[in-house]
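# Fold and contact review
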Amino acid sequence: MLDLIWLLPTFPLLGFLVLVLTAGKLPKPIVALIGAGSVGASFLLAALIAFQFANGGEDHYVREVWTWMAVGDFRSGFSFYLDGLSMVMMLIITGIGFLIHLYATGYMADDPGYSRFFSYMNLFVAAMLMLVLGDNLVLLYLGWEGVGLCSYLLIGFWYTNPENGYAARKAFVVTRVGDTSMAIGLFLLFAQLGTLNIQDMLSAAETEWAVGSGFAIAASLLLLGGAVGKSAQLPLQTWLPDAMAGPTPISALIHAATMVTAGVYLIARTHVLFELAPDVQMLVAWIGLITLLMAGFTALTQSDIKRVLAYSTVSQIGYMFLGLGVGAWSAAIFHLMTHAFFKALLFLASGTVILSLHHEQDIFKMGNLRKKLPVSFLSFLIGSLALTAFPFTSGYFSKDEILLGALALEGVGTWLWLGGVLGAFFTGIYTFRLFFLVFFGESRGHEPDKEVGGWHMNGPLYLLMVGALLAGFLHLPLEAVFNHGEAFEEHHVSALVHGFMIASPLIGIGVSYLFYMSGSLSVAGLMGNPLSRLLHRFWHSGWGMDWLYDRLFVFPFLWLARINRADLIDRCYGVLVELSRAGNELLVRTQTGYLRWYALSVVGGLVLIVSLGVLL
Amino acid sequence: MESIPYEHGLILASILFSLGLIGVLTRRNIVFVLMSLEIMLNASGLAFIVAAARWGHAEGQIMFLMILTLAAAEVAVGLGLIIQMYRRFQTVDINVLSEMKG
Amino acid sequence: MITLFYLAGAIAIISTVAVIVQTNIVHALIYLILSLLAVAVIFYVLGAPFAAMLEAIVYAGAIMVLFLFVIMMLNLGQHTIDQERSWLSLRGWIAPTIMAGLLLTNFLYVMDGIDHGVEPTRVGVLEVSVLLFGPYVLAVELASILLLAGLVAAYHLAKKRD
């Protein structure tokens, strides 16, 4: 069974090829069957493989399929590496991916680009599986770029609107910055360690590089650059909120559950490098903390339902980075998994809301929807509880582990913990702000006729609800992956600390209740203050990051492009064009069309040549 | 036999060639153009015969035969073209055929 | 003999000039035949009787008859003579004459300094035929293919099609 692992990416890839080559000629039921079925087949196989692997008792399993390229000493192959980490990732990708595909068969039912949509989705799943299963960094990079491409294609899926195309280009270019950094990191690793096979590379790094050595710092920094680009962390986080331009299942699959967590996966996969560079690891923690706080503040002020969720995604990935930074590797991956469940749930539920309201996304135009949209209401309730780490939902366990991991760190750990708790407080506020605004209160404008649904849309929602509630009780087999460095002893923390961690999101929910439900605190009153208005505008724009990047990079580049448009070299080429055009006109004038003219020119040439021959 | 100035034969050929050339360049009637072309071909044949006589070889006459064949084929094709042209344009004026004007 | 050469040369030149200045196309054709026959005489004088015969038969005979046929087919009457006259303006002659004159000057310049006098050796049918069907047999084959191609092309081109 295990040796069939190569079939995992092959199924969706075949689906992609079939859908692309038939170019939308297939009827929709067959497209749905191929699109969702290929991922479903992958999931079944992944479950079987995972079952066998978990019972096999081995640490890892390698399957070499074929050699991709071999140049000198460098060999890179299509070979798959299965261990606890990649197993968890593969199950998340195929499992949640399948549910989202299933949901999308209903969500996209009226879209003319149905077949195109599923072909991109299948390609994405194939690339993502390649990313997590690859046993060398080249294969990982192939998947990494593949998912970036699919992300670009799917953000700009509704390409007739230029804004979507802009969002897609922005996502592509911003992540490209990170990818370039990562590529340089790969070059550095290969130049120094002579291999790109991940396990060989890690063990070589451990033996050759001292803790805190320059190469370790450089390599881990460069890889971190790739990770922050893909995972939308500071300073490359600006693309993710705009990426919500794509269809909602895309936001669920790519921009919440799987692709954006690739950065977390990369750091976890190469955690040995980060342990060799403690300063960089600390930087990861700080990036995570700052990102999660900034995104939390921004989410407070957003009015678009998907943008709120997008900023909460940035914030939750910030938690994962925090976990990675403090060395709580398993906790970060655990949070990755639980986040995949509840964020996919929230996005899909928001998709149902949006579709039921005929593509209305402004939460201030919704309200009192809990009766009209019962399934979405239940989904949002469970998803929001899990997101705010309500006790005994899945998010509670994973966030708890991360924060405890932070607390266990000497020195700055307390500050990181405090920041994380503060973030949880804000998570409570913004999540339930969304929840209360959409499902309670007065109806503001839109009245849905009925909730869109059907088994293929509601079924995934119910399954994800179960996952969001119960995934916290799962135990991930990650000990073998992170067996070194991670402290396994139980942290004995006081009940006070625990109580604090449980209380902070609940207080956040309470604050949200006071503002948006009971009305005892008023947003309008708060907005009376000019300072808070300023803060609101500042946070609403995502801390002015887009404004800053426009000033720093986009405008100078555009300015350079503009002054370069009429440059000297161009003008030289222009002269060439003018010359050839003038020559053309001159020659055209010689073409009179009269036979005698041609004969005369022939004779003229003859006379000239004969005269030259005679005289010289 | 008295000797004939070899040079004069060639001069005669040159004169005939030039006259044919003038005809080709001057006439607008395509039949005249074709006739002038025949004059030019014939003049070059004359030059070959003169050369053959100068060296006492038969090769010059063979070249003349080739030119003769060429002239016959050319006239056949050319006259066919003239007939076609007359059918289509009802004229023998070569200036009518100026569609290649750039 | 030499008198005959110059006489025939003069006739050839004069009748050729008449061809290119004629307005009546049938007259022009008859002048052309005269010119070709004069050249045939020159061939004979130069000791090439075979070529002279061919010139008279093929050129002055066959080819010119072909011309005559076409002229009759086109049925060009009196009005074409007037047309020819109007087409032949004096200005039209200047450039071609200068060109041809330049070319002729070149030829004459080149010929200056060639040795005088040629004793015409008679090269008869036998010698020509031996060469023609000896080393030059390939050229004969090629010439026949050319004639065949001309035949097919002429048939195809002159065919009436609508």
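Here, every reference points to the structure presented above.
All values derive from a computational prediction rather than experimental measurement. Throughout, a residue's number is its position along its own chain's written sequence, starting from 1. To read the labels, note that chains go from A and ligands from 1, taken in the order they are written. Where totals are concerned, whole chains, interfaces and linings use all residues; where local detail is concerned, this predicted model gives features only for residues with pLDDT of at least 70, and gives and counts side-chain atom pairs only at 80 or more. Computation of side-chain values: all heavy atoms of the structure, hydrogens and water removed.

### Focus: the overall build of chain C
In this text, helices come from DSSP runs of H or I with a minimum length of four residues, and strands from runs of E with a minimum of two, each type numbered from the N-terminal end. Summing up its helical and strand segments, chain C has 7 helices and 0 strands in all. Starting at the N terminus and walking to the C terminus, you meet the elements of chain C as α-α-α-α-α-α-α. Across the 162 residues of chain C, 41% fall into the buried class. Here chain C displays about 9000 Å² of accessible surface, and carbon together with sulfur accounts for 74% of that area. Exposure categories follow from relative accessible area, calculated using a 1.4 Å probe and restricted to protein chains: below 20% of the type maximum is buried, above 50% is exposed, and the middle band is partly exposed. Accessibility throughout is a Shrake-Rupley quantity obtained with a 1.4 Å probe, and a residue counts as covered only by protein chains that appear here.

### Points about the overall build of chain B
The number of helices and strands found in chain B is 3 helices and 0 strands. Secondary structure of chain B in N-to-C order comes out as α-α-α. Out of the 102 residues in chain B, the part that is buried amounts to 66%. Once local pairs closer than 6 in sequence are excluded, the contacts in chain B between residues at least 24 apart make up 55%. Only carbon and sulfur atoms are counted for the fraction: they give 65% of the accessible area of chain B, which is about 3500 Å². Contact criterion: two residues are considered in contact whenever any of their non-hydrogen atoms come within 4.5 Å of each other.

### Focus on the interface of chain B and chain C
Taken residue by residue, the interface counts 69 residues in chain B and 83 residues in chain C. By buried area we mean the combined loss of accessible area, with a 1.4 Å probe, across both parts when two parts are placed together. A buried area of about 7200 Å², summed over both sides, lies between chain B and chain C, and 78% of it is on carbon and sulfur atoms. The salt bridge definition used is simple: a Lys or Arg side-chain nitrogen within 4 Å of an Asp or Glu carboxyl oxygen. Inspection of the chain B/chain C interface yields 1 salt bridge. As a salt-bridge pair, B:R27 and C:E84 come within 2.8 Å of each other at their nearest N and O atoms.

### Describing unusual backbone geometry
Cis geometry is adopted by the peptide bond preceding A:P235, which originates at A:L234 and carries an omega value of 0°. Along the polypeptide, A:P235 turns up in the loop between α8 (214-230) and α9 (239-242). Here the phi dihedral of A:A389 falls at roughly 60°; this positive angle occurs in a residue that is not glycine. Its location among the elements puts A:A389 in the loop between α16 (374-387) and α17 (394-407). The exposure class of A:A389 is buried, given its relative accessible area of 8%. Within the chain, B:Q90 stands out as a residue other than glycine whose phi angle is a positive 55°. Examined against the element boundaries, B:Q90 turns out to sit in the segment after α3 (59-89).

### Side note on the side chain of A:Q237
Residue and element names in this part refer to chain A. One can find Q237 in the loop between α8 and α9. Overall, Q237 belongs to the buried group, its relative accessible area being 9%. The residues contacting Q237, other than those within four sequence positions of it, are A232, M294, V314 and M545.

### Side note on a nonpolar patch on the surface
Residue and element names in this part refer to chain A. Residues enter patches when their relative accessible area tops 30% and they take part in no salt bridge; the joining distance is 9 Å for like charges and 5 Å for the nonpolar side chains Val, Leu, Ile, Met, Phe, Trp and Tyr. On the surface, W547, L548, L552, F553, V554, F555, F557 and L558 cluster together to form a nonpolar patch covering roughly 810 Å² of accessible area. Inspection of the secondary structure assignment puts L552 in helix α23 (residues 545-565). Judged by relative accessible area, which is 48%, L552 ranks as partly exposed.

### Details of the interface of chain C and chain A
Across the boundary between the two partners, chain C contributes 7 residues, which contact 8 residues of chain A. Buried surface at the junction of chain C and chain A, summed over both partners, amounts to about 700 Å²; 85% is from carbon and sulfur atoms. In terms of surface lost to chain A, no three residues of chain C exceed C:M99, C:L103 and C:N106, which account for 62% of the buried area on that side. The interface formed by chain C and chain A contains 0 salt bridges. Within 3.5 Å is the distance limit for a polar contact, defined as a pair of N or O atoms, with the added protein rule that one can donate a hydrogen and the other accept it, and that residues adjacent in sequence qualify only through two side-chain atoms. For the pair chain C and chain A, the number of links is 1 residue pair in polar contact (both at pLDDT 80 or more).

### Section: the pattern of salt bridges
Residue and element names in this part refer to chain A. Enumeration according to the criterion identifies 8 salt bridges over all chains in this entry. The residue D83 makes a salt bridge to R269 at a minimum N-O spacing of 2.9 Å. Separated by 186 residues along the polypeptide, D83 in the loop between β2 (74-82) and α3 (84-107) and R269 in helix α11 (residues 262-269) bring together distant segments of the chain. Given the relative accessible area of 4%, D83 is considered buried. On the basis of relative accessible area, R269 is assigned to the buried category, the value being 3%. Between D242 and K170 there is a salt bridge whose closest N-O contact spans 2.5 Å.

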